[in-house]
Amino acid sequence: MPDIRILHRTAYFYPAPVSLGPHRMMLRPRETRELKLLSFELRISPEADVTWAHDVAGNSIATASFPALSDHIEIESTTTLALSSPQWPVFAIAPSAQTYPFRYSDADWTDLGALAMPQYADTTGRLNAWVAGFVMRPPTDTLSLLQDISTGVSQQIAYQTREDMGTQGPLETLDRGWGSCRDFAVLFAEAVRSLGLGARIVSGYLFDPMQSLIGSAGQGSTHAWVEVFLPGAGWISFDPTNRSMGAANLIPVAVARHITQVAPVTGSFHTLQGDQARMEVAITVEPLGA
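So, a few notes on the structure that sits alongside this text. Source: prediction; values computed, not measured.

The next point concerns the nonpolar core. Ile149, Phe188, Leu197, Val228 and Ile251 are the most contacted members of the largest nonpolar core, which has 68 residues in total. The contact partners of Phe188, leaving out residues within four places of it in the chain, are Leu146, Ile149, Ser150, Val153, Val226, Val228, Phe238 and Pro240. In terms of nonpolar packing, the next biggest core, distinct from the first, is built from five residues, Val202, Trp225, Leu250 and Val255 among them.

Printed below as a string of structure tokens:
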């Protein structure tokens, strides 16, 4: 696979100069055995003081503080990386976890914590009932079960891009019958958590040079998927939007318990005039040299 270049630009424009609060950015991809970061550059206008840190999940967080009023913010990151994820991965799942149901070790269960607990209320058990339809008979093959749930999400929910902020809850997505990649990821994560499995939401980019995948259309498209923890194999990627398993074509930037924790750029501004910001986002993910 060729080296990849990612350009990500986020800009805010205001009718008059405003006081800018700190802006938190999650733009630097996570390095893994299958993803090697070759370079990363972050440019911000107006001039800002930038500090870097890692959050509890190991994500790289840049925080920009702006000392002066401004009528705009422009944040642009340029990344080059090498991606070597196989198209048809083989996972060395521990024998104890190859069939569902299985029990995590006490240490794994403690460390997974909230990642194995549903994050949305389901007082009537509707989501549990929906997920139970994929468990043909216990015990069942764990990986096949997860693939069936991922496929079931994309078969029963119509994909639809949404430019508005926020994410639908899993029951809302089931009721509406449509959603974006963010909504697909939340539904899948909640589904597997209801089975007692550890899952985390992933935000990043989709490398789609052939334009054959779902979720990469549009200039401002990031992508969302899910990683499920299986002993022996570790974190396995599932992209229910594209019915895929494994990290091929996926470039992770941030992982978290909840979808609200992986927004690429968040921040605030202060004005006494009630001004509204105009936002522009442009993202390109392409082979280096294209």
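Moving on from the coordinates now.
On to the sheet that holds strand 13 (residues 234-239), then. Read across the open sheet, the five strands follow the order 14-13-12-11-15; overall the sheet is antiparallel. Two strands close off the open sheet at either side, each with one partner strand: strand 14 (244-245) and strand 15 (250-256). Here six bridges tie strand 11 (residues 199-206) to strand 12 (residues 223-230), and the two strands are oriented antiparallel to one another. For Ala199, the partnering residue across the bridge sits in strand 12 and is Val228. Running over the sheet, helix 3 (residues 142-156) touches strand 12, strand 13 and strand 14 and is turned about 30 degrees from strand 13. Together, strand 11, strand 12 and strand 13 form the strand contacts of helix 5 (residues 181-193), whose direction differs from that of strand 12 by roughly 15 degrees.

With an omega dihedral of 5 degrees, the bond running from Tyr100 to Pro101 counts as a cis peptide bond. In this model, Arg243 sits at a positive phi of 55 degrees, which is unusual for a non-glycine residue. If you trace the backbone, Arg243 turns up in the loop between strand 13 and strand 14. Non-glycine residue Asn249 carries a positive phi angle of around 75 degrees. Position of Asn249 relative to the elements: it lies in the loop between strand 14 and strand 15.

Using the criterion set out here, one finds 13 salt bridges in the structure. A salt bridge links Glu74 to Arg9; its shortest N-O distance comes to 3.0 Å. With Glu74 in strand 6 (residues 70-83) and Arg9 in strand 1 (residues 4-20), this residue pair connects regions lying 65 residues apart in the sequence. The class of Arg9 is partly exposed, set by a relative accessible area of 22%. For Glu280, the salt bridge goes to Arg9, with nearest N and O atoms at 3.4 Å. Residue Glu280 is located in strand 18 (residues 278-287), and its partner Arg9 is located in strand 1; the two are separated by 271 residues in the primary sequence.

The strands that make up a sheet are held in pairs by hydrogen bonds between backbone atoms, and each pair lies either parallel or antiparallel. Overall, antiparallel pairing links the four strands, which are arranged 4-5-2-16 in an open sheet. Looking along the sheet, the strands with just one partner apiece sit at the ends: strand 4 (49-54) and strand 16 (265-266). Relative to strand 5 (residues 60-65), strand 2 (residues 23-25) runs antiparallel, the two being bridged by three bridges. Looking across to strand 5, one finds that Met25 is bridged to Ala62.

On to the packing of aromatic side chains. Summed over the entire model, instances satisfying the criterion amount to nine aromatic pairs. With centroids separated by 6.0 Å and ring planes inclined at 85 degrees, the aromatic side chains of Phe40 and Trp52 adopt a geometry described as edge-to-face. Of the two residues, Phe40 is situated in strand 3 (residues 35-45) and Trp52 in strand 4; the sequence distance between them amounts to 12 residues. With a relative accessible area of 45%, Trp52 lands in the partly exposed category.

Another aspect to go through is the pairing of strand 4. Across six bridges, the pairing between strand 4 and strand 5 is antiparallel. Paired with His54 across the two strands is Ser60, which belongs to strand 5.

Before going further, it helps to spend a moment on the environment of Pro17. Along the chain, Pro17 falls in strand 1. Taking relative accessible area as the criterion, Pro17 reaches 54% and is therefore assigned exposed. A C-alpha to C-alpha distance of 33 Å links Pro17 and Arg5, two positions 12 residues apart in sequence.

The rules behind these values
Residues numbered from 1 in each chain as written. Predicted model: local features only at pLDDT ≥ 70, side-chain atom pairs only at ≥ 80, totals over all residues. Heavy atoms only, no water. Core = buried A, V, L, I, M, F, W, Y, C linked by side-chain atoms within 4.5 Å. Buried < 20%, exposed > 50% of the residue type's maximum accessible area, 1.4 Å probe, protein only. Contact = heavy atoms within 4.5 Å. Pairing = 2+ DSSP bridges. Helix = DSSP H or I, 4+ residues; strand = E, 2+ residues; numbered from the N terminus. Axes fitted to C-alpha atoms, helices over the stretch in contact; angles between N-to-C directions. Salt bridge = Lys/Arg side-chain N within 4 Å of Asp/Glu carboxyl O. Phe/Tyr/Trp six-rings, centres within 6.5 Å; stacked < 30°, edge-to-face > 60°.

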